[in-house]
Amino acid sequence: MEIVLSLQQIAKSYGPIRALNGVSFDVPAGSVFGVLGPNGSGKTTLLGIVMDVLKANSGGYRWFGQPGSPEQRRKIGSLLETPNFYTYLSAVDNLKITQAISGRGTATDIDDVLKKVSLYDRRRYRFSSYSLGMKQRLAIAGALLGNPKVLVLDEPTNGLDPVGIAEIRQLILELRDQGHTIIMASHLLDEVEKVCTHVAILKTGNLLTTGHVEDVLMDEDIVEMSAADIQSLAAFFRREGHTVTLDEKANTIQLILAKGTARLEDINRHCFENGLVLNHLLLKKKKLEARFFELTNN
């Protein structure tokens, strides 16, 4: 598996405040990697360090297996702050300025990136006429100049209404399908769950967990089941020493088992042999929000 970004024991302090405390993780190529955490967890500081905006006190990082350098930096597009465009200029003219400042891409790139973010038909309109979602998509278009392999986005849906959030979510998925690796900090857990393949969860500068989203969520097996007589089903598993959560409205029960121990075929057979016929049996995963609060509230 190709690693796009590797962090090794990154630490950063602001006077007595420890913003990052020995953070290490790898970002696989082709992933949408979410960096999550409450306010003050170190997300923005971490992105600033890997983009060479801030200097770490200790530790290091490697892009594409090499130390950070201007050459490596050109392979990365970033959106770390609120978009800063001229309100009276068009999308095309604003991107020409962005291009001149960054030195990335060619004249033909502007049309290409505007098509990628679905703003080509509005390319001659003034920035002031854009919705918040369109403004954010234009900022991502600026990050895409030069066709970078990686995009680093800090809170890409911050301040957007539901329509704008949905637009950015769809854009991120499309960019991933086009071969971009995306690293994004966010506090919108539902959105992260919809788009991210991998996550790292931070709290007060410490890395709590990292990995594939499925692995982070499946810290235990949650088995949901139902039968015609739900009370008898619940009583059966309680007698066997299990903690049972009964949802009478949904006519289901849930059992919590150790991670990797739930064997649905065995559970179904065990119930049948004891006179209980299941009409619903499912191995569920936690919502990212629930797992996030479990980790960050400890």
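Here's what I pulled together on the structure shown here. Predicted, not measured: the structure shown is a model, and the values here were computed from it.

1. Details of a nonpolar patch on the surface
Link 1 in the chain: Residues Y86, Y88, I97 and I101 make up a contiguous nonpolar surface patch of roughly 450 Å² in combined accessible area.
Link 2 in the chain: Assignment of secondary structure puts I97 in helix 3 (residues 91–102).

2. Here we look at the nonpolar core
Link 1 in the chain: If you look at the biggest cluster of nonpolar residues, it comprises 40 residues, and the most contacted ones within it are L114, L138, I140 and C196.
Link 2 in the chain: Sorting elements by how many residues they give to this core places helix 5 (residues 132–144) first, with seven residues.
Link 3 in the chain: Discounting residues that sit within four places of it in the chain, I140 has contacts with L79, V117, I168, L171 and L175.
Link 4 in the chain: Judged by nonpolar contacts, the second largest core, of 25 residues, contains L7, L46, A185 and A200.

3. Some points on the pattern of salt bridges
Side chains that carry opposite charge are capable of pairing whenever their charged atoms lie near each other.
Link 1 in the chain: Scanning the model with the defined rule gives four salt bridges in all.
Link 2 in the chain: Two residues, R269 and D266, come together in a salt bridge whose shortest N-O distance is 3.0 Å. Highlighted residues: R269 and D266, both in helix 10 (residues 264–273), separated by three residues, approximately one helical turn.
Link 3 in the chain: Given a relative accessible area of 38%, R269 falls into the partly exposed group.
Link 4 in the chain: Since its relative accessible area comes to 41%, D266 is described here as partly exposed.
Link 5 in the chain: What emerges from the salt-bridge pattern is a single network uniting E265, D266 and R269.

Rules behind the numbers
Residues numbered from 1 in each chain as written. Predicted model: local features only at pLDDT ≥ 70, side-chain atom pairs only at ≥ 80, totals over all residues. Heavy atoms only, no water. Patch = residues over 30% accessible without salt bridge, like charges linked within 9 Å, V, L, I, M, F, W, Y side chains within 5 Å. Areas by Shrake-Rupley, 256 points an atom, 1.4 Å probe, with all protein chains shown as cover. Salt bridge = Lys/Arg side-chain N within 4 Å of Asp/Glu carboxyl O. Helix = DSSP H or I, 4+ residues; strand = E, 2+ residues; numbered from the N terminus. Core = buried A, V, L, I, M, F, W, Y, C linked by side-chain atoms within 4.5 Å. Buried < 20%, exposed > 50% of the residue type's maximum accessible area, 1.4 Å probe, protein only. Contact = heavy atoms within 4.5 Å.

So, to be careful, I would describe these as geometric facts and stop short of saying anything about function.
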